[in-house]
Amino acid sequence: MSVDLSLDRVSALSKKLPKYTRPTFHVAGTNGKGSVTCLLSSILRASDLTVGRFNSPHLVSIYDCILINDEPVSQQAYQTARQTVEAANQAIGASSFELLTLTALLLFENAKLDVVVVEVGMGGRLDATNVIPDDCIIASALTAVDLDHQQFLGNSVELIAQEKAGIARKGKPFVMGIQKHTGVEAVVKESVSSAGGYFVHMHAAEKRDWDSAMDDIKALLPLYGSHQIDNLGLTLSIISTITTTPLNKDAPFADLITHITPESIRRGIRTAMWPGRLSFHRLILSSRSNPLTVLADGAHNRASSETLATYVSEILSNITPCQESSQSRTVHLSFILALSHSPPKTPLETLSPLLPPRVPPGIIVKLRIAAVRFTSPDGMPWVKSVPPSELTQTVKSLVPEVDVWYAPDESDPGRNQLESALAWTGAAKSDANEEELVVVAGSLYLVADFYRFMLHE
């Protein structure tokens, strides 16, 4: 199934549904937009506001991509709203994602929420979420832009940035996060200016030791990885922008800023949760007596793979070397990998930052890698896994001597493959004094299989 990016169908369908009026934050980007929506909605919830959040793709079920006050929408509420949208769609033929987007917006409208935070699905200018009316947008934001979905968005970072900046709205702030590609800023500024919005640079956040004497906002960030400092900086820049910029007193969201306080910001940061992104879990397997430590992360492109590689290296660096002898500390590091088939992106491009792992002095890593397929997500039958045999060939090209297990290409994906891979990786350690870590990564759809597996254990 091809993806036809357009606002024609979703705009026509939205006109047949109740008008959407909720004050909304709109967040685009290649990596980090989910984390920013998570942090932003957590701060708003901590500010005693009722909050809706829409992220894609879903994790365990379709219901968990639509949150109302941090809870997945109920099956009954979802089905009722979906039926309304589908009935209006009979003569239009909107896509699955367009139907999902309008179902989410209808649920948020029906709930009369104070504020909504929406993550762009893909791109921005022609993404279905860009159907949200201009007067509903409080602010738009852009996280880090990198190469991904080139077949739809363009073959350069600049073209992709232009598409993502297409969510800018007339008269509304557009806050841009830190970018590693120098050509992004000029393109984004031009797009925001053309839309009549006003461009805002984010204020960089810094990691530093706790100091109770400081007068600024002090908060503990529970999301792992140094990249989350940048995501937090963008989130706080969005908050700062809307709380310091004069707003039309008649705007529907003008009174929202009075709810946001330094204390609610601290509380919101401290309570933020974002499953499947550098998330640690302790897993009990029937094949072993002690729990298995699993790090789950939806790294799916070169940039997010680099972030995961950096974090794994940090973990290895924090392992204390043996104090009683000059021997190095042994760590059993296993990766369970699955990748989406998404040309022109290749497995080699995605895995190159991750393999071989960066090993600090004093540490010996015993590496194992399992290649599997993931379960195709509901409503997205065109999403396919890279065959495990092909993935194995890429792994072997990067780490020729590594011990590899891979599932048969034609076997059913999901629980059975993942269970076999976990059992195989979990059997590597024999010495109780040795450390071990299993990393489930390569696709958020594989992470979803992992969470479904845990739910049934």
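Predicted, not measured: the structure shown is a model, and the values here were computed from it.

Engineer: Sorry, what's going on with the overall build of the protein here?
Structural biologist: In terms of helices and strands, the protein carries 14 helices and 14 strands. Burial status across the protein gives 52% buried among its 457 residues. The contacts in the protein between residues at least 6 apart in sequence include a share of 75% that link residues at least 24 apart. Roughly 20200 Å² of accessible area belongs to the protein as shown, and the carbon and sulfur atoms make up 51% of that amount.

Engineer: What is the right way to look at the sheet that holds strand β1 (residues 24-28) in this model?
Structural biologist: Across a sheet, paired strands are connected by hydrogen bonds in the backbone, their directions being either parallel or antiparallel. Spatially, eight strands are ordered β4-β3-β2-β5-β1-β6-β7-β8 in an open sheet, and the strand pairing comes out mixed. Bordering the open sheet on either side are β4 (71-72) and β8 (198-201), each of which pairs with just one other strand. Pairing of β1 with strand β6 (residues 137-142) involves five bridges; the strand directions are parallel. Bridging from a neighbouring strand, A28 pairs with L142 of β6. This element, helix α2 (residues 33-46), spans β1, β2 (51-54) and β5 (115-119) of the sheet and lies at about 170° to β5. Against the sheet, helix α7 (residues 184-195) engages β6, β7 (173-176) and β8, with an angle of about 150° to β8.

Engineer: Can you help me understand the side chain of T330 in this one?
Structural biologist: Structurally, T330 is set in strand β11 (residues 329-337). Overall, the relative accessible area of 14% leaves T330 in the buried class. Leaving out residues up to four positions away in the same chain, T330 has contacts with I364, K366, E434 and E435.

Engineer: Please clarify how the pairing of strand β10 (residues 292-296) should be interpreted in this entry.
Structural biologist: Regular strands have side chains that alternate between both faces of the sheet. Of all five residues in β10, five are buried; the element is thus mostly enclosed. Every second residue of β10 is oriented toward a common face, with L292, V294 and A296 on one face and T293 and L295 on the other, all of them buried. The sheet contact formed by strand β9 (residues 279-283) and β10 spans five bridges and is antiparallel. Within β10, the position partnered with R282 by the bridge is T293.

Engineer: In this structure, what is going on with the pattern of salt bridges? I would like to understand it.
Structural biologist: Pairs can form between side chains of opposite charge once their charged atoms are near each other. Applying the stated rule across the entire model yields 16 salt bridges. The partner of E306 in a salt bridge is R358, and the shortest N-O contact between them spans 2.7 Å. Taken as a pair, E306 in helix α10 (residues 302-317) and R358 in the loop between α11 (347-351) and β12 (363-371) lie far apart in primary sequence, 52 residues in all. Using a relative accessible area of 34% as the deciding quantity, one classes R358 as partly exposed. Three or more residues joined by partner-sharing salt bridges are found here, namely R22, E109 and K112.

Engineer: Sorry, what's going on with the environment of G442 here?
Structural biologist: By the element assignment, G442 lies in the loop between β14 (435-441) and α14 (444-455). Looking at G442, the relative accessible area reads 6%, which means it is buried. Those residues in contact with G442 that lie beyond four places of it in its chain are D297, A299, H300, A338 and L339.

Engineer: Help me out: how do you make sense of the packing of helix α13 (residues 415-426) against α14 in this one?
Structural biologist: Remark: α13 packs on α14, axes separated minimally by 10 Å, with the N-to-C direction vectors making an angle of 85°. The angle between the axes of α13 and α14 places the two elements in the roughly perpendicular class. Contact with α13, carried on its side by R415, L418, E419 and L422, involves L446, D449, F450 and F453 of α14 and no other residues of that element.

Engineer: Help me understand the packing of aromatic side chains, please; the structure alone is not making it clear to me.
Structural biologist: In this description, a pair of aromatic rings is defined by centroid distance and the angle of the planes. Applying the stated criterion across every chain, the model contains five aromatic pairs. Measuring from ring centre to ring centre gives 6.1 Å for F54 and F97, while their planes differ by 25°; the resulting arrangement is stacked. In this pair, F54 sits in strand β2 while F97 sits in helix α4 (residues 96-110), placing the two residues 43 residues apart along the sequence. A ring pair is formed by F374 and Y445, whose centres lie 5.2 Å apart and whose planes are at 50°; its orientation type is tilted. Taken together, the residues span a long stretch of sequence, with F374 in the loop between β12 and α12 (388-398) and Y445 in helix α14 at a distance of 71 residues. Comparing F374 with Y445 shows no difference in burial state: the two are buried.

Engineer: Would you take a moment to explain the environment of P57 for this structure?
Structural biologist: Summarising the element assignment, P57 is placed in the loop between β2 and β3 (66-68). Through-space distance from the C-alpha of P57 to that of D378 is 9.6 Å; in sequence the pair is 321 residues apart. Beyond its immediate chain neighbours, meaning those up to four positions away, P57 contacts L444 and Y445.

Engineer: I would appreciate a short explanation of the sheet that holds β9 in the present structure.
Structural biologist: Taking strand neighbours across the sheet as the criterion, the six strands line up as β9-β10-β14-β11-β12-β13 in an open arrangement whose pairing is mixed. On the outer flanks of this sheet lie β9 and β13 (403-406), each paired with one strand and no other. The sheet shows a mean angle of 25° between the axes of neighbouring strands, direction not considered. In this structure, β12 lies alongside β13, joined through four bridges in parallel fashion. When the bridges of β13 are listed, A371 appears paired with Y406.

Engineer: Honestly, unusual backbone geometry in this entry has me stumped. Any pointers?
Structural biologist: Most peptide bonds are trans, and most residues other than glycine sit at a negative phi. The amide bond that connects P343 to the next residue, P344, takes the cis arrangement and shows omega of 5°. Tracing the backbone shows P344 in the loop between β11 and α11. Positive phi outside glycine occurs at D70, with the angle close to 70°. Looking at where D70 falls in the secondary structure, it is placed in the loop between β3 and β4. You will see that K112, though not glycine, has its phi angle at about 50°, which is positive.

Engineer: Can you help me understand α12 in this one?
Structural biologist: In an α-helix, one turn spans 3.6 residues; hence positions three or four apart end up facing the same way. Among all positions in α12, only P388, L391, T392, T394, V395 and L398 are buried. Taken around the axis of α12, the buried residues stretch over an arc of 160°, which confines them to a single face. The elements touched by buried residues of α12 are β11, α11, β12 and β13.

Engineer: What exactly am I supposed to notice about the confidence of the model for the protein here?
Structural biologist: Note that predicted coordinates carrying low pLDDT should not be read in detail. Across the protein, the average pLDDT comes to 86, with 89% of residues at or above 70. For the stretch residues 210-215, pLDDT sits under 50, and the model shows six contacts to residues farther than four places along the chain or on other chains.

Thresholds applied
The residue count restarts for each chain, going from 1 along the sequence in the order it is written. Only residues with pLDDT of at least 70 are given local features in this predicted model, and only at 80 or more are side-chain atom pairs given and counted; all residues enter the totals for whole chains, interfaces and linings. Excluded from the side-chain calculation are hydrogens and water; included are all heavy atoms of the structure. Comment: elements are numbered from the N terminus, with helices defined as DSSP H or I runs of at least four residues and strands as E runs of at least two. Each residue's exposure class comes from its accessible area (1.4 Å probe, protein chains only) as a fraction of the maximum for that residue type: buried when under 20%, exposed when over 50%, partly exposed otherwise. In this analysis, two residues are considered to be in contact whenever any of their non-hydrogen atoms come within 4.5 Å of each other. Under the convention used here, a 1.4 Å probe and the Shrake-Rupley method define accessible areas, while residue burial counts only the protein chains that appear. By the convention used here, strands pair only if DSSP detects at least 2 bridges between them. For helices, the fitted axis covers only the stretch in contact; all axes are lines through C-alpha atoms, and the angles between them, taken along N-to-C directions, range from 0 to 180 degrees. Here a salt bridge means any side-chain nitrogen of Lys or Arg lying within 4 Å of a carboxyl oxygen belonging to Asp or Glu. Roughly parallel refers to an angle under 35 degrees, roughly antiparallel to one over 145, roughly perpendicular to one between 65 and 115, and oblique to any angle outside these ranges. Side-chain rings of Phe, Tyr and Trp (the six-membered ring for Trp) are treated as a pair once their centres are within 6.5 Å; stacked means planes under 30 degrees apart, edge-to-face means over 60, and tilted covers the remaining angles. Note: the arc covers the axis-to-C-beta directions of the helix. A residue's pLDDT is the predictor's confidence in that residue, given on a scale from 0 to 100.

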